Amino acid sequence: MLVAAAVCPCPPLLVPEVAAGAAPELATARAACTDALGVLAAARPDRLVVVGPAEESEQGAYAEGARGSFRGFGVDIDVRLGRAADEATAPESSRRPLPSSLAVAAWLLQRTGWADAPIEALAVGEPVTPERCTDIGRDVAARAERVALLVMGDASACRTLKAPGYLDERAEPFDASVARALGKADVAALKALDVELAHELMASGRAPWQVLAGAAEQTDLSGTLLYDAAPYGVGYLVATWS
């Protein structure tokens, strides 16, 4: 059963070494992510499941011990998802390199010294339908008596002229609707997100948020919005459900 969730953005720029001189611009977002992970730890889960967006070739499960890297972003930083795996008995899913969103999650967890519960991760891609996302969420919630979710994903990438997707007047209202849903733990609103609009606005969090919606169906969790900004024209949201 889902007992707590944290929603965080997943830009590699959250890692100060990747952001370099721009690192101070996301200091408040990093602090909010740290606070959100504190809510997960306080829930004393039996298992933590990390869900994040990925390319179709990267979709699927990642076991504890899986490694990721930010070398592709020009910095010599490697991360690991939770505890190191025993090479002799480790499942194949711990040997696959983490996609970017899950590498950011692993960095956040390492940064806060997560040691509260075993970890596993799941990468979901844009083609995954809302119905499939909610099914995945239900399955995740049933994996232990007390499950916590760390949900990675960005809102629209079209908030300003310099944004990756340029300026789209639909972006701000879309992000506001997501922020409301996350802040109120509104499962129905997350399920109802417009898939095509999310695609057009380059909102990578759509599928992970709908996994969260499926996991939270049989719960009575309350939401809190901790951060809502678009410093690079991309919507970054941090929220907790507990």
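Before reading on, note that the structure itself is shown above.
Overview of the structure. (Residues numbered from 1 in each chain as written. Predicted model: local features only at pLDDT ≥ 70, side-chain atom pairs only at ≥ 80, totals over all residues. Heavy atoms only, no water.)

### Observations regarding the nonpolar core
- Grouped together as the largest cluster of nonpolar side chains are 48 residues, with contacts concentrated most on Leu40, Leu48, Val50, Phe70, Leu109, Leu150 and Met152.
- Listing elements by their share of this core, those giving two or more residues are β1 (2–8), α2 (27–42), β2 (47–53), α3 (100–111), β6 (119–124), β7 (147–152) and β9 (236–241).
- In terms of residue count, the dominant contributor to this core is α3 (eight residues).
- With residues up to four places along the chain from it excluded, the contact list for Val50 reads Leu81, Leu102, Ala105, Leu109, Ile119, Glu120, Ala121, Leu122, Leu150 and Met152. (Core = buried A, V, L, I, M, F, W, Y, C linked by side-chain atoms within 4.5 Å. Buried < 20%, exposed > 50% of the residue type's maximum accessible area, 1.4 Å probe, protein only. Helix = DSSP H or I, 4+ residues; strand = E, 2+ residues; numbered from the N terminus. Contact = heavy atoms within 4.5 Å.)

### Quick notes on the pattern of salt bridges
- Summed over all chains, the structure comprises twelve salt bridges.
- For Arg138, the salt bridge is made with Glu217, and the minimal N-O distance between the two is 2.6 Å. Taken together, the residues span a long stretch of sequence, with Arg138 in helix α4 (residues 130–141) and Glu217 in the loop between α8 (206–215) and β8 (223–229) at a distance of 79 residues.
- Owing to a relative accessible area of 37%, Arg138 belongs among the partly exposed residues under this scheme.
- Here Lys191 and Glu217 are joined by a salt bridge, their closest N and O atoms 2.4 Å apart. With a gap of 26 residues between them, Lys191 in helix α6 (residues 187–191) and Glu217 in the loop between α8 and β8 connect regions that are remote in the sequence.
- Relative accessible area serves as the criterion here: at 23%, Glu217 is assigned to the partly exposed category.
- Among the ionic contacts, a cluster of salt bridges with common partners joins Arg47, Glu120, Asp139 and Arg143. (Salt bridge = Lys/Arg side-chain N within 4 Å of Asp/Glu carboxyl O.)

### With respect to the pairing of β2
- Within β2, six of the seven residues are buried, leaving the element largely enclosed by the surrounding structure.
- Across six bridges, the pairing between β2 and β6 is parallel. Within β6, the residue paired with Pro53 across the bridge is Val124. (Pairing = 2+ DSSP bridges.)

### Some points on the packing of α4 against α8
- One way to put it is that α4 packs onto α8 with a least axis distance of 6 Å and a crossing angle of 50°. By the angle between their directions, the pair α4 and α8 is classed as oblique. Judged by the sense of rotation from one axis to the other, the crossing of α4 with α8 is right-handed. Residue-level contacts link Pro130, Cys133, Thr134, Ile136, Gly137, Arg138 and Ala141 of α4 to Arg206, Ala207, Gln210, Val211, Gly214 and Ala215 of α8.
- When grouped by side-chain class, the residues that make up the contact of α4 with α8 number seven nonpolar, four polar and two charged. (Axes fitted to C-alpha atoms, helices over the stretch in contact; angles between N-to-C directions. Parallel < 35°, antiparallel > 145°, perpendicular 65-115°, else oblique. Left-handed = near helix turned anticlockwise from the far one by under 90°. Nonpolar A, V, L, I, M, F, W, Y, C, P; charged D, E, K, R; others polar.)

### Comments concerning the sheet that holds β8
- Pairing within the open sheet is mixed, and its seven strands lie in the order β3-β6-β2-β7-β1-β9-β8. The outermost strands of the open sheet, each flanked by one partner alone, are β3 (60–62) and β8. Averaged over all adjacent pairs, the angle separating strand axes in this sheet is 20°, with direction ignored.
- Judged from the six bridges that link them, β8 and β9 form a sheet pairing that is antiparallel. Bridging across to β9, Ala229 finds its partner in Tyr236.
- Against the sheet, α8 engages β1, β2, β6, β7 and β9, with an angle of about 160° to β7.

### Describing α2
- An ideal rise of 1.5 Å per residue puts 22 Å on 16 residues; α2 measures up with 23 Å between its terminal C-alpha atoms.
- Burial in α2 covers these residues: Ala29, Arg30, Ala32, Cys33, Ala36, Leu37 and Leu40. Buried residues of α2, seen end-on, are gathered within an arc of 160° and therefore sit on one face of the element. Residues of α2 that are exposed and point over 90 degrees away from its buried face: Thr28, Asp35 and Ala42. (Expected span 1.5 Å × (residues − 1). Arc of directions from axis to C-beta.)

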